[in-house]
Amino acid sequence: RVELWRGSLGGVCLSHELVLLVEVIEHLDDPKAELRRFLGRNAPQRMLLTTPNKEYNLHWEKQPDDWLTQEPGKRRRPPHPTLRLRNPDHRFEFTRDEFRLWATAIGKDYGYDVRMDGIGGGPMDEYPPPGEWRGAGPITQVAIFERRAGMAAPPAEDARVDESTAERVWPA
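Colleague: Describe unusual backbone geometry, naming the residues involved and giving the relevant values.
Modeller: Positioned with a positive phi, Glu23 is a non-glycine residue whose angle comes to about 50°. In this structure, Glu23 sits in the loop between β2 (18-22) and α1 (31-41).

Structure, rendered in structure tokens:
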């Protein structure tokens, strides 16, 4: 049986198979605390989390080829603190390295394997050779959390949704 719910992180039920957090965390004042609070109360089998890739913002500020070094084909990493946020409501934006480290640390603490991917633009290039930068990467980055085998799911009787903070979207 499939149900689609929309609501705050506090209104999600304990036994969801899949939770999608699409372009959410960059709007939170303390995303690490919010996600830890959520995972402390919930244990979805899978969670897909997307957020803007701060490095991609270069496309709106400078052409990525402006970051080429004197060595043919090699680029230097641009100064990330100087990049503007895409949206005035964003509290922050992660670079690829920052997002990977942040997501894998949370996954480790809560029993999830985390796989990184990207949407649009260039590749994630998570592990380029030291000192080499391979471009701005994807426009959006994705962390796919999968609960490790043996990690207990909440009991079925705890499968509930706080309907004061969430609403069923489908089926209506």
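Colleague: For the sheet that holds strand β4 (residues 112-121), give the residues involved together with the corresponding values.
Modeller: Within the open sheet, the 4 strands sit side by side as β2-β3-β5-β4. Their pairing is mixed. Each edge of the open sheet is held by one strand with a lone partner, namely β2 and β4. When the angles between neighbouring strand axes are averaged without regard to direction, this sheet yields 15°. Bridge count for strand β3 (residues 46-52) against strand β5 (residues 138-147) is 7 bridges, and the pairing is antiparallel. Note that in β5 the partner of Leu48 across the bridge is Ile144. Relative to the sheet, α1 contacts β2, β3 and β4, its axis offset from that of β3 by approximately 170°.

Colleague: Tell me about the nonpolar core, and please be specific about residues and values.
Modeller: Nonpolar side chains in soluble globular proteins tend to be buried together. The biggest cluster of nonpolar side chains holds 20 residues, and the ones touching the most others in it are Leu35, Met47, Leu49, Phe99, Trp102 and Phe145. Among the secondary structure elements, those contributing two or more residues to this core are β2, α1, β3, α3 (96-110), β4 and β5. Looking at this core, the element that brings in the most residues is α3, giving 4 residues. In contact with Leu35, other than residues within four places in its own chain, are Leu21, Met47, Leu49, Trp102 and Ile106.

Colleague: An account of a nonpolar patch on the surface is needed here, citing residue identities and associated values.
Modeller: Side chains of Val2, Leu4, Val169 and Trp170 sit close together on the surface and give an oily, nonpolar patch of about 380 Å² of accessible area. Inspection of the secondary structure puts Val169 in strand β6 (residues 166-170). Judged by its relative accessible area of 31%, Val169 falls in the partly exposed class.

What counts, and at which threshold
- Residues numbered from 1 in each chain as written.
- Predicted model: local features only at pLDDT ≥ 70, side-chain atom pairs only at ≥ 80, totals over all residues.
- Heavy atoms only, no water.
- Helix = DSSP H or I, 4+ residues; strand = E, 2+ residues; numbered from the N terminus.
- Pairing = 2+ DSSP bridges.
- Axes fitted to C-alpha atoms, helices over the stretch in contact; angles between N-to-C directions.
- Contact = heavy atoms within 4.5 Å.
- Core = buried A, V, L, I, M, F, W, Y, C linked by side-chain atoms within 4.5 Å.
- Buried < 20%, exposed > 50% of the residue type's maximum accessible area, 1.4 Å probe, protein only.
- Patch = residues over 30% accessible without salt bridge, like charges linked within 9 Å, V, L, I, M, F, W, Y side chains within 5 Å.
- Areas by Shrake-Rupley, 256 points an atom, 1.4 Å probe, with all protein chains shown as cover.
- Salt bridge = Lys/Arg side-chain N within 4 Å of Asp/Glu carboxyl O.

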